[in-house]
Amino acid sequence: MNTPVVQARGIVKRYGHVTAIDSSDFELRPGEILAVIGDNGAGKSSIVKAICGATIPDAGEILIEGKPVKFSSPIEAREMGIEIVYQNLALSPALSIADNMFTGRELRKKGFLGNVLRMLDKPAMEKFAREKLTELGLMTVQSIKQPVETLSGGQRQGVAVARAAAFATKFIIMDEPTAALGVKESRKVLELIKDVRAKGIPIILISHNMPHVFEVADRIHIHRLGKRLCTIDPKDYTMSDAVAFMTGAKEPPAKDLA
Amino acid sequence: MSENGSSASVGQDFEKKLDESDKSIASFNVKATSPFERIQHVLHNNPTLVPVIVLMLSLVVFGLIAGGKFFSAFNLSLILQQVSIIGILAAAQSLIIITAGIDLSVAAIMVLMSVVMGNLAVFMGVPTVLALFVGMAGGVGAGLMNGWFITRIKLPPFITTLGTWSIFYALLLWLSGAQSIRGQDIDTNAPFLKFFGESFNIGGARITLSAILMILVFLALWYMLNKTAWGRHVYAIGDDKEAAELSGIRTDRTLLSVYGLAGFICALGGWASIGRVGSISPQSFYEGNLDSITAVVIGGISLFGGRGSIMGALFGALIVGVFRSGLRLSGVDVLWQVFAIGWLIIIAVAIDQWIRRVSA
Ligand SMILES: Nc1ncnc2c1ncn2[C@@H]1O[C@H](COP(=O)(O)OP(=O)(O)OP(=O)(O)O)[C@@H](O)[C@H]1O
Ligand SMILES: [Mg+2]
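Since we're looking at a predicted model, the values are computed, not measured.

A look at the site of ligand 1
Residue and element names in this part refer to chain A.
Consideration 1: Around ligand 1, the structure places 14 residues, and the nearest of them are G41, K44, S45, S46 and Q87.
Consideration 2: One of the backbone nitrogen or oxygen atoms of G43 is found 2.9 Å away from an oxygen atom of ligand 1.
Consideration 3: A distance of 2.9 Å is found between an oxygen atom of ligand 1 and a side-chain nitrogen or oxygen belonging to H208.
Consideration 4: Protein chains bury 62% of the 640 Å² of accessible surface belonging to ligand 1 in isolation.
Consideration 5: At the level of elements, β2 (18-28) and α1 (44-52) are the ones that each hand at least two residues to the shell around ligand 1.
Consideration 6: In terms of residues, the shell around ligand 1 owes the most to one element, α1, which gives three residues.
Consideration 7: In the shell around ligand 1, the residues fall into four nonpolar, seven polar and three charged.

A look at helix α3 (residues 49-66) of chain B
All names here are of chain B.
Consideration 1: In this model α3 runs 25 Å from its N-terminal to its C-terminal C-alpha over 18 residues, within 8% of the 26 Å that 1.5 Å per residue would give.
Consideration 2: Listed in full, the buried residues belonging to α3 are V50, P51, L55, S58, L59, F62, G63 and A66.
Consideration 3: Check the buried side of α3 and you find it contacts α2 (35-45), α4 (68-71), α5 (73-98), α14 (288-298), α15 (310-329) and α16 (334-356).
Consideration 4: Positive phi shows up at G67, right after α3, with a value of about 70 degrees.

Thoughts on the confidence of the model for chain B
Residues and elements named next belong to chain B.
Consideration 1: Per-chain confidence: chain B averages 89 in pLDDT, with 91% of residues scoring 70 or above.
Consideration 2: Ranking the helices and strands of chain B by mean pLDDT puts helix α7 (residues 128-151) first, with 98, and helix α1 (residues 6-9) last, with 43.
Consideration 3: Low confidence marks residues 1-9, where pLDDT is under 50. Its contacts with residues over four positions away, or in another chain, come to 11 contacts.
Consideration 4: Throughout residues 25-30 the model reports pLDDT below 50, and contacts reaching past four residues in sequence, or to other chains, amount to three contacts.

Section: the sheet that holds strand β5 (residues 67-69) of chain A
All names here are of chain A.
Consideration 1: Read from one edge of the open sheet, four strands run β2-β1-β4-β5, paired in antiparallel fashion. Unpaired on one side and paired on the other, β2 and β5 mark the two borders of the sheet. For this sheet, the mean inter-axis angle between neighbouring strands, taken without regard to orientation, is 30 degrees.
Consideration 2: Direction of pairing for strand β1 (residues 6-15) relative to strand β4 (residues 59-64): antiparallel, over a ladder of five bridges. Bridge assignment links Q7 to a residue of β4, and that residue is L63.
Consideration 3: Sheet strands touched by α1: β1, β2 and β4. Its angle to β2, the strand with the most contacts, is close to 65 degrees.

Rules used throughout
- Residues numbered from 1 in each chain as written.
- Chains lettered and ligands numbered in written order.
- Predicted model: local features only at pLDDT ≥ 70, side-chain atom pairs only at ≥ 80, totals over all residues.
- Heavy atoms only, no water.
- Near = heavy atom within 4 Å.
- Polar contact = N/O pair within 3.5 Å; in protein donor to acceptor, adjacent residues only side chain to side chain.
- Areas by Shrake-Rupley, 256 points an atom, 1.4 Å probe, with all protein chains shown as cover.
- Helix = DSSP H or I, 4+ residues; strand = E, 2+ residues; numbered from the N terminus.
- Nonpolar A, V, L, I, M, F, W, Y, C, P; charged D, E, K, R; others polar.
- Expected span 1.5 Å × (residues − 1).
- Buried < 20%, exposed > 50% of the residue type's maximum accessible area, 1.4 Å probe, protein only.
- Contact = heavy atoms within 4.5 Å.
- pLDDT = per-residue confidence, 0-100.
- Pairing = 2+ DSSP bridges.
- Axes fitted to C-alpha atoms, helices over the stretch in contact; angles between N-to-C directions.

Here it is as structure tokens:
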């Protein structure tokens, strides 16, 4: 009953001489918010990308809800209800906000127009996109039809977060979703993350913001030098402990070691 | 902060003031911009506006210089007829350029397929409809071959199509024996090959079916690019292929379909060219590849991909036609026509760069 949503063992990913993931383990449990912290270049983005099929690991096995998977593209992960907010957002700058929210799962008009002429139902997509962005409350955009390239960095991040939250059914990976956001907008995203958890959907949250991590996380996965160093309960440790483990200033206690 | 429920109460100290923050939807006080910047913005949102304006202006200018000769219904319809084949190639070319690719083989595919259709229908007694079908399928195949090298072997489009241009050109010389198929032979054996050379008159204008075909091709592509998911994907791939892949687009499959469709349009152009030229000549449209790129660029479609409307290429082709006709009727030497087209290209790209700076 309590099979982990994601269970990864011995994941390895090398880029030439650089080892981005050095035989790392990973575990996401049902209904939890798992924060992933670590220095720049520790390999946080690399390991979540390996989980969702955006990169293909050289070795290791990944189980989703107990079943082994080998994604060859992020599209396959997406079809299982896994959504990702990439660190670089992965939006198409020249397309509109609505187009971006629906890339790869566009709504078509009903009847002949949609089935035969493949016509998009733009009004429906725009309405949905507007609702989702309003829910997030972080959009001060002028028009849902405006190209994403005319948005500020934070607004773009808002679009990517809204897209993931709107379509995820299994779990969401967010790679630094608040990095570009203002105080108010960050708060909205944190509330959104909690709302998503309340719906029973677990979240992997990569962040460098310790107060955010300690506020929302149920467990904290500390990544160091390409692998999981330990997993801690934020209630048992302080932020400075976490930073000390992450940077190698202090050894984590044996019970938490990966 | 407790009045805001439990969830927010764990927020940080500095967030306390958030509750008092302005809740109204942001209204933008549109900052006073120079007319120059405003034009830049309008053009950025409507990339086809530039070629439309240039087309209108050139019509007016040549109308003034060359007078009634130029502005007659007959001459205008002649321009339409003259640009129809390059226009069809430009439609195929735009599709590929929007994906941030380039196709140097469009004209070679077109002429090759017209030779295939001609050989089958005129010399080998194959029913014309079947010959046309083989030609169209060959066009799709040639396009898919380009697409296969580009998506599977990961070769750059420029190099791939430079190579296939030579390959297709050599094939067409071989198949044709470097000989033209004469118009009389087509008329007696397979007159339907010349279908798109048919024309009808309205009010002094002589509209050929090849011109109608060109316009239909553009309208169909416009619909596909703007009203279907496939079209959105084509733009997204040209914009940022990696982001498109990550956001759920099967980029290679879409690219393959783009090259296949472009090949089909080229073959269609091959059929239309038989009617337009009246014979099948392996030497025709040798510069068609570059002419199609010229039309696309003048039409404001960015060579960097992801930007510009397909209709721009139609206007681009028309602008070239209007310049050629206008300069000729004004008594200007051919070499200066070529000179003028060269400047048009450079100015068009400069304007594209300027417009793109809006987003930076
Ligand atoms: N596509 C790639 N090609 C080559 N090296 C890469 C690539 N992606 C990641 N790396 C390398 O892998 C290592 C881990 O990178 P990764 O992006 O996973 O770090 P991160 O923990 O997400 O860092 P940050 O906090 O800065 O986002 C780095 O040394 C990086 O140089
Ligand atoms: Mg990262």
